[in-house]
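Residues per chain, in single letters:
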Amino acid sequence: TEAKGGTQLRIQTMVITFEGEGSGSGDTPTPSGETGLEQSFDAGKGNFTIEDKSIGEGISYVWSEDTKNKYMKASAYKGGCIAAESWLISPAFSLKNVAAPVMTFNNACNQVKGGTITDHIKVMVYDGANWTEATISNMPDGKSWTFVDSTVDLKAIAGKENVKIAFKYVSTTAVAPTWEIKTVSIQ
């Protein structure tokens with residue numbers, strides 16, 4: 001914009017990538033020195049991204065930022081259950097110097113009703129090349145708003161760089177639970 005005595009530059013958004021690192025797969029690697037992951041969703045999704053794999057008619061999103069209650073929330077219920085699949089994906093990070101990484105996340109899940117919770121909420125792990133489903137220990141009960149600290153053993157990707165995790169939400173026309181996640185920590 002024009003300013004008195006010269007030109008003024010305003011930058012709204014800036015993306016920094018680190019050239020020359022990584023495998024060339026197109027994913028932006030984490031700068032060296034950053035190990036593990038810490039994220040609180042009290043002010044929104046942070047550096048996580050949302051990827052909608054499929055969304056049924058009647059809804060335009062699954063994941064939402066609930067800054068009032070301080071968590072990320074996934075739901076595909078709008079006057080009824082709607083079939084959907086949506087992922088909340090972490091930025092890339094390194095586990096280069098971590099021998100036995102564990103992910104802990106504080107979450108609640110309700111409205112699973114007659115379904116099986118593991119059909120609807122999943123943790124996916126990206127090892128730099130492929131996504132695989134991980135086993136969640138201490139799952140929420142699927143029928144209350146009680147938050148629990150769930151864990152995922154990440155030994156399978158110990159020592160790797162450019163890894164990611166994703167919270168995968170899946171609903172059907174019979175079951176559309178609500179999943180809320182407050183924090184995630186990987187050490």
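The sections below set out a description of the structure shown in this document.

Calculation criteria
Residues numbered from 1 in each chain as written. Predicted model: local features only at pLDDT ≥ 70, side-chain atom pairs only at ≥ 80, totals over all residues. Heavy atoms only, no water. Helix = DSSP H or I, 4+ residues; strand = E, 2+ residues; numbered from the N terminus. Buried < 20%, exposed > 50% of the residue type's maximum accessible area, 1.4 Å probe, protein only. Contact = heavy atoms within 4.5 Å. Areas by Shrake-Rupley, 256 points an atom, 1.4 Å probe, with all protein chains shown as cover. Core = buried A, V, L, I, M, F, W, Y, C linked by side-chain atoms within 4.5 Å.

Scanning the protein for helices and strands turns up zero helices and 13 strands. Put simply, the protein runs from its N terminus to its C terminus through helices and strands in the order β-β-β-β-β-β-β-β-β-β-β-β-β. By residue count, 41% of the 187 residues in the protein fall in the buried class. For the protein, long-range pairs separated by at least 24 residues make up 75% of all intrachain contacts whose partners lie at least 6 apart in sequence. Total accessible area computed for the protein in this model is approximately 10400 Å², and 46% of it derives from carbon and sulfur atoms.

The next thing to look at is the nonpolar core. Core analysis: the largest hydrophobic core is formed by 37 residues, its most contacted members being W63, M103, F105, V123, I165, F167 and W179. It is strand β13 (residues 178–186) that contributes the most residues to this core, four residues altogether. Setting aside chain neighbours within four positions, we find F105 in contact with V123, I136, V148, D149, S150, V152, F167, W179, T183 and V184.

A separate point is the environment of I117. Considering the arrangement of structural elements, one finds I117 in the loop between β8 (102–110) and β9 (121–126). On a C-alpha basis, the gap between I117 and V170 in space is 9.9 Å, while along the polypeptide they are 53 residues apart. When near neighbours in sequence (up to four residues on either side) are disregarded, I117 contacts C109, V112, M139, P140, D141 and G142.

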